[in-house]
Amino acid sequence: MSEAMKLTGKSIYVAGHAGMVGSAIVRRLSSEECQILKTTRAELDLRDQGNVNAWMAKHRPDVVVVAAAKVGGILANNTQPAEFLYDNLMIETNLVRAAHEVGVEKLLFLGSSCIYPKLAAQPMAEDALLTGALEPTNEWYAIAKIAGIKLCQAYRRQYGCEFISAMPTNMYGQNDNFDLATSHVLPALLVKVHQAKMTHKSTIEVWGSGAPLREFMHADDCADALVFLIENYSGESHINVGTGEEVSIRELAETICDVVGFDGDLTFDRTKPDGTPRKLMDSGRLRSMGWSPRIKLREGIEATYRWYLDNQRIIRS
Ligand code: GDP
């Protein structure tokens, strides 16, 4: 940890500000007196190096958050390996290099818990990185994110840049992707259970065996942790951002049924992949810096379901 950085008066570019994490960071930053730079995909294609260089040279942010990424659930990752690897590599390399070129004061790069080996000891501490083979269903995304961490470290070592990385666990919340073909499990089950309730079905289908264990964090909690890291952390190691609590996919499905008010049965489609058996992060370093999560899983699911009901017309599903 170095001296705290104050965000007051800074201009901040949150790449990916329309997405779930990016929009949560922007909401969180609204309570700081800083200027948030926004752009549209039409104005700035983050995969285009010339476009990124020109935009950064024109706007010269003080702080950059790399929350933009091509993301998706287990099926999307497994079926679009080219885009998951190429788009993510391009987005991060363009942003990190341009940030260095224009002298950005601090950059926060976001990854995810899938960077760790498939069979890493649990809970997974930061130093488990690159100690074993990756989970094959999301290795494309993971390889890109590992390259992003290394790129921040390389610019820090070679040029002394204040570039840091955070690895959030599985996130959920408003502005999530609710499209069943590409979403992660929590929004997918919310949609499936809601639709089953509305159409008076007696069962809902859960992919895989229901046995895998996952850790879930509300995007607002995550955003709070990320702003905390921008203000308080400086170091080469990436930092895990999680709740420390895990549930099985079956337990998650049961909680969602309860929140939505659906009393049908669960069926398990074992032709779909389980993915990694367990993915719990050790977030001890973040805790020891003085940050802890506030939103309990059930409470977060309730809030997300309310948001989904209020915004069904404008979201993809
Ligand atoms: P992962 O954490 O990278 O494996 O990604 P997901 O969030 O997509 O999947 C987590 C676990 O939930 C896997 O074991 C999936 O098979 C399981 N799962 C159960 N039902 C669904 C569903 O409807 N959609 C998705 N994406 N996963 C599901």
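For the structure itself, consult the block above.
Summary of the structure given here. (Residues numbered from 1 in each chain as written. Predicted model: local features only at pLDDT ≥ 70, side-chain atom pairs only at ≥ 80, totals over all residues. Heavy atoms only, no water.)

**Let's talk about the pairing of strand 3 (residues 63-66)**
At step 1: By the alternation rule, side chains of strand 3 split into Val63 and Val65 and Val64 and Val66, which are all buried.
At step 2: Summarising the sheet, strand 1 (residues 11-15) and strand 3 pair through 4 bridges and their orientation is parallel. Considered in strand 3, the bridge of Val14 is made with Val65.
At step 3: The sheet contact formed by strand 3 and strand 4 (residues 106-110) spans 4 bridges and is parallel. Across the sheet, the residue bridging to Val66 is Phe109, located in strand 4. (Buried < 20%, exposed > 50% of the residue type's maximum accessible area, 1.4 Å probe, protein only. Helix = DSSP H or I, 4+ residues; strand = E, 2+ residues; numbered from the N terminus. Pairing = 2+ DSSP bridges.)

**Overview of the site of the ligand**
At step 1: Every one of the 17 residues lining the ligand counts as a neighbour, but Lys192, Trp207, Arg214, Pro273 and Asp274 are closest to it.
At step 2: Val185 has a polar backbone atom sitting 2.9 Å from an oxygen atom of the ligand.
At step 3: Here Arg214 contributes a side-chain N or O atom positioned 2.8 Å from an oxygen atom of the ligand.
At step 4: Protein burial of the ligand: of its 540 Å² of free accessible surface, 98% is covered by the chains.
At step 5: Elements represented by at least two residues in the shell around the ligand include exactly helix 6 (185-198) and strand 7 (203-207).
At step 6: A total of 3 residues in the shell around the ligand trace back to one element, the largest contributor, which is helix 6.
At step 7: Residue composition of the shell around the ligand, grouped by class: 8 nonpolar, 5 polar and 4 charged. (Near = heavy atom within 4 Å. Polar contact = N/O pair within 3.5 Å; in protein donor to acceptor, adjacent residues only side chain to side chain. Areas by Shrake-Rupley, 256 points an atom, 1.4 Å probe, with all protein chains shown as cover. Nonpolar A, V, L, I, M, F, W, Y, C, P; charged D, E, K, R; others polar.)

**Here we look at the packing of helix 4 (residues 81-101) against helix 5 (residues 139-159)**
At step 1: Two elements in contact, helix 4 and helix 5, have axes whose closest approach is 8 Å; the angle formed by their N-to-C orientations is 15°. Comparing the axis directions of helix 4 and helix 5 gives the class roughly parallel. The chirality of how helix 4 crosses helix 5 is right-handed. Counting all contacts with helix 4, which are made through Pro81, Phe84, Leu85, Asn88, Leu89, Glu92, Thr93, Val96, Arg97 and His100, the residues of helix 5 involved are Trp140, Tyr141, Ile143, Ala144, Lys145, Ala147, Gly148, Leu151, Cys152, Tyr155 and Tyr159.
At step 2: Tallied by class, the residues present in the contact of helix 4 with helix 5 amount to 14 nonpolar, 4 polar and 3 charged. (Axes fitted to C-alpha atoms, helices over the stretch in contact; angles between N-to-C directions. Parallel < 35°, antiparallel > 145°, perpendicular 65-115°, else oblique. Left-handed = near helix turned anticlockwise from the far one by under 90°. Contact = heavy atoms within 4.5 Å.)

**Points about the nonpolar core**
At step 1: Residues Tyr13, Leu46, Met56, Leu95, Leu107 and Phe163 are the most contacted members of the largest nonpolar core, which totals 40 residues.
At step 2: Elements that contribute at least two residues to this core include exactly strand 1, helix 2 (49-59), strand 3, helix 4, strand 4, helix 5 and strand 5 (163-168).
At step 3: In contact with Leu46, other than residues within four places in its own chain, are Tyr13, Ala15, Val52, Ala68, Met90, Ile91, Asn94 and Leu95.
At step 4: If you look at the next biggest cluster of nonpolar residues, it comprises 35 residues, including Leu7, Ala24, Val26 and Leu286. (Core = buried A, V, L, I, M, F, W, Y, C linked by side-chain atoms within 4.5 Å.)

**Some words on helix 2**
At step 1: Among all positions of helix 2, only Val52, Trp55 and Met56 are buried. Along helix 2, the residues classed as buried sweep out an arc of 95° about the axis, all on the same side.
At step 2: The inward-facing, buried residues of helix 2 contact strand 1, strand 2 (35-37), strand 3 and helix 4.
At step 3: Between a side-chain oxygen at the N-terminus of helix 2 and the backbone nitrogen of Gly50 the separation is 3.0 Å; the capping residue is Asp48.
At step 4: Among the residues trailing helix 2, Arg60 stands out with phi positive, at a value near 40°. (Arc of directions from axis to C-beta.)

**Digging into the packing of helix 1 (residues 20-29) against helix 7 (residues 219-232)**
At step 1: One way to put it is that helix 1 packs onto helix 7 with a least axis distance of 8 Å and a crossing angle of 65°. Every pair of crossing elements has a handedness; the one defined by helix 1 and helix 7 is right-handed. For the pair formed by helix 1 and helix 7, the contact residues are Met20, Val21, Ala24, Ile25, Arg27, Arg28 and Leu29 on the first element and Ala219, Asp220, Ala223, Asp224, Leu226 and Val227 on the second.
At step 2: Taken together, the residues that form the contact of helix 1 with helix 7 break down as 9 nonpolar, no polar and 4 charged.

**Notes on the sheet that holds strand 13 (residues 278-279)**
At step 1: Taken in spatial order, the 3 strands make up an open sheet running 11-8-13, and their pairing is mixed. Each edge of the sheet is formed by a strand with only one pairing partner; in this case those strands are strand 11 (247-248) and strand 13.
At step 2: Bridge count for strand 8 (residues 213-214) against strand 13 is 2 bridges, and the pairing is parallel. Bridging across to strand 13, Arg214 finds its partner in Lys279.

**Re the pattern of salt bridges**
Think of it this way: side chains of opposite charge can pair up when their charged atoms draw near.
At step 1: Going through the model one piece at a time under the given rule, you end up with 17 salt bridges.
At step 2: Of the charged contacts in the structure, one is a salt bridge between Arg47 and Asp87, with a shortest N-O distance of 3.5 Å. One end of the pair, Arg47, is in the loop between strand 2 and helix 2; the other, Asp87, is in helix 4, with 40 residues separating them in the sequence.
At step 3: Using a relative accessible area of 39% as the deciding quantity, one classes Arg47 as partly exposed.
At step 4: Under the relative-accessibility criterion, Asp87 is labelled buried at 10%. (Salt bridge = Lys/Arg side-chain N within 4 Å of Asp/Glu carboxyl O.)

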